[in-house]
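Close look at the chain arrangement
These are the residues of each chain, in order.
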Amino acid sequence: MAITIYATPKDFAPVYNKMDYLIKSGNYTEPSFTYLVDIYINGSGTRTARLRIPIRPTDGFGKVDIHRVLESALTSDIGNPLGIAGTYEAPNSSLNYIVEFGEEYAVAGVITAFPNLTTDASREAFNASLEKSSFINWDVADYKLNDPTKKFLTNMPDNHKVSLNSHGWLYYKEDTPILYIIVETYDISGAPISSHRIIPTVSTEAIQFVPSSPATLNKIDNANLSGGGVQPIIPTSVASYTIRAIKAAGDISETRTFVIEENCKYNVNTLIFQNNLGGFDNFTFYLGDESTTAIERKDMKVNVDNVVGTDIVYSMDEREKVTYYTKNTPSLKLMSDWITEAESNWLLELMSSPEIYLQNGDELIAVAKIKATNYTKKKVVRDKLFKIDVELELGYDDYRQRG
């Protein structure tokens, strides 16, 4: 007897949220009955996992959440600051899967399996982790980039401030091919300067990304630009620029606006972090930094050999305590300029991000964590003007010589 599927995850589901199936078999009253759930990832003929799900005692249904199995197969795809392509694939950020449902129960006292009685359609999952309200209202159609309401995979507020030296990317869901990514630049008065067409890389990956910050855009090779566009895309005369995707005539995505801002007085630092939708956003801190180092030492007492000939000689240079282990853990405090209420809300994604990098020229330095255990979203009506400071523990330790 076939198993009926009553509820499924969404066709393109955030893998760090619940991914529930609800199923039922007409045999659920058989002795020692259990549902079998077989999961296959990325078209593999080899089963990734088999789950055994007991029946719900009240109604005989089987309810199973498969997201823990799928999330272990996904990681992330951070851009390369030295990359010269127009767009990039994100193969580690999404997967497709098929679930087969069966059952097992006692037949003449022997537990007997009946696998693959019903097979669900192929579905996709990606490396997003949504807040509950966003998860409940999740609809992949909002991210198909085929009209001005369709969005890139970011919650970053518009009119995003960037430095000429900052790196960054916009991630997007690919369903039907994009013809071009259009970058249009403007001077301080808002007058147009130039328009550039970025040629997408041919790819079947569900998630892809395109350079979006000045330093990354200016790395694109001229061969990956169409319509006579040449580098630099973002020269020093640019005060702002926009990015949007073109799929076909009339199929145009949302327009993202970026504003160039520099600070000649303080060090400028850009953090690149994984956002809730699985892509990587960036945020630039314009008011400098403070560097500190946490020092951990381990010492031991030693017996000093102070016998000289037939005498015992004491000296102030005797080392009765020796340091045999010294670890230096560097930290960096970054200070932002004034931010908006929308930016304050969005930056919770930075504070809770599992993967953060500090940009150092064309290099990315891993950040172990942000030293914060709570975060307050600011409100203009209450807080008026506000900034944000973050303290980073960098993703490496230094060690000193033994004493």
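Now for a quick tour of the structure. All values derive from a computational prediction rather than experimental measurement.

1. Brief notes about the nonpolar core
Tyr241, Leu271 and Val390 are the most contacted members of the largest nonpolar core, which has 43 residues in total. Beyond its immediate chain neighbours, meaning those up to four positions away, Val390 contacts Leu271, Phe285, Leu332, Lys333, Leu334, Met351 and Ile370. One finds Val15, Ile41, Ile53 and Ile66 within the second-largest nonpolar core, a separate group that totals 24 residues.

2. Looking at the layout of surface pockets
Approximately 530 Å³ is the volume attributed to the largest pocket. What lines the largest pocket is a set of 29 residues, and nearest its centre among them are Ser129, Asn155, Asn276, Leu277 and Glu349. Elements that contribute at least two residues to the lining of the largest pocket include exactly helix 4 (341-346) and helix 5 (348-351). Examining the composition of the lining of the largest pocket, we find that 3 residues originate from one element, helix 4, more than from any other. When grouped by side-chain class, the residues that make up the lining of the largest pocket number 9 nonpolar, 13 polar and 7 charged.

3. Points about the sheet that holds strand 6 (residues 62-65)
Read from one edge of the open sheet, 3 strands run 1-3-6, paired in antiparallel fashion. Strands at the two margins of the open sheet, each flanked by one partner only, are strand 1 (3-7) and strand 6. Neighbouring strand axes in the sheet, compared pairwise and without regard to direction, differ in orientation by 30° on average. In terms of strand pairing, strand 3 (residues 20-25) meets strand 6 through 4 bridges, oriented antiparallel. In the sheet register, Asp20 faces strand 6, and the bridge partner there is Asp65.

4. A short note on empty space enclosed by the protein
One pass over the full model with this rule turns up 2 cavities of 30 Å³ or more. Contributing to the lining of the largest cavity are Met156, Gly168, Trp169, Leu170, Ser212, Phe258, Phe280, Asp281 and Asn282. The set of elements that each furnish at least two residues to the lining of the largest cavity consists of strand 12 (169-173) and strand 21 (280-285). With 3 residues, strand 21 is the largest single contributor of residues to the lining of the largest cavity. By residue class, the composition of the lining of the largest cavity is 5 nonpolar, 3 polar and 1 charged. A volume near 30 Å³ is recorded for the second largest cavity. If you trace the second largest cavity, you find it lined by His160, Lys161, Phe283, Thr284, Tyr286 and Glu343. Those elements that place two or more of their residues in the lining of the second largest cavity are strand 11 (160-162) and strand 21.

Procedures and definitions
- Residues numbered from 1 in each chain as written.
- Predicted model: local features only at pLDDT ≥ 70, side-chain atom pairs only at ≥ 80, totals over all residues.
- Heavy atoms only, no water.
- Core = buried A, V, L, I, M, F, W, Y, C linked by side-chain atoms within 4.5 Å.
- Buried < 20%, exposed > 50% of the residue type's maximum accessible area, 1.4 Å probe, protein only.
- Contact = heavy atoms within 4.5 Å.
- 1 Å grid on protein atoms, 1.4 Å probe; cavity = no way out; pocket = protein on both sides within 12 Å on 5 of 7 lines; lining within 4 Å.
- Points joined across faces, edges and corners; volume = space filled by probe spheres on them.
- Helix = DSSP H or I, 4+ residues; strand = E, 2+ residues; numbered from the N terminus.
- Nonpolar A, V, L, I, M, F, W, Y, C, P; charged D, E, K, R; others polar.
- Pairing = 2+ DSSP bridges.
- Axes fitted to C-alpha atoms, helices over the stretch in contact; angles between N-to-C directions.

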